[in-house]
Amino acid sequence: MLAPAHQGGAPARAPLQEFAVRVTLETGVRREYSALAVSSLAALEAALDQHGICKIAVWPKLRRIK
């Protein structure tokens, strides 16, 4: 079984790093743990997936044309 970072599409040659993750749930409960990932973004994606958030979309705000 591949590490979570590799399941997310990270290259197999990328070294895994340990990240501290702190998640505060809607109920106010705080969970802290360590995660192995290739980057902080991969650690964030794994944390979101583990706690039931399946998708976040971010895009640039459109500028007004005068």
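The notes below deal with the structure included here. For clarity, every value in this text was computed on a predicted model and none was experimentally measured.

### Here's the deal with the overall build of the chain
1) Next: Looking only at helices and strands, the chain has 2 helices and 2 strands in total.
2) Next: Reading the chain from its N terminus to its C terminus gives the helix and strand order α-β-β-α.
3) Next: Within the chain, the proportion of its 66 residues that are buried is 20%.
4) Next: Partitioning the intrachain contacts of the chain with sequence separation of at least 6 by distance along the chain shows that 19% fall at a separation of at least 24.

### A word on the pattern of salt bridges
1) Next: Within this structure, the stated rule accounts for 1 salt bridge.
2) Next: Across the salt bridge formed by Arg 22 and Glu 32, the nearest N and O atoms sit 3.6 Å from each other. Remark: Glu 32 occurs in strand 2 (residues 30–37) and Arg 22 occurs in strand 1 (residues 17–24); sequence separation between them is 10 residues.

Calculation rules
- Residues numbered from 1 in each chain as written.
- Predicted model: local features only at pLDDT ≥ 70, side-chain atom pairs only at ≥ 80, totals over all residues.
- Heavy atoms only, no water.
- Helix = DSSP H or I, 4+ residues; strand = E, 2+ residues; numbered from the N terminus.
- Buried < 20%, exposed > 50% of the residue type's maximum accessible area, 1.4 Å probe, protein only.
- Contact = heavy atoms within 4.5 Å.
- Salt bridge = Lys/Arg side-chain N within 4 Å of Asp/Glu carboxyl O.

So, to be careful, I would describe these as geometric facts and stop short of saying anything about function.
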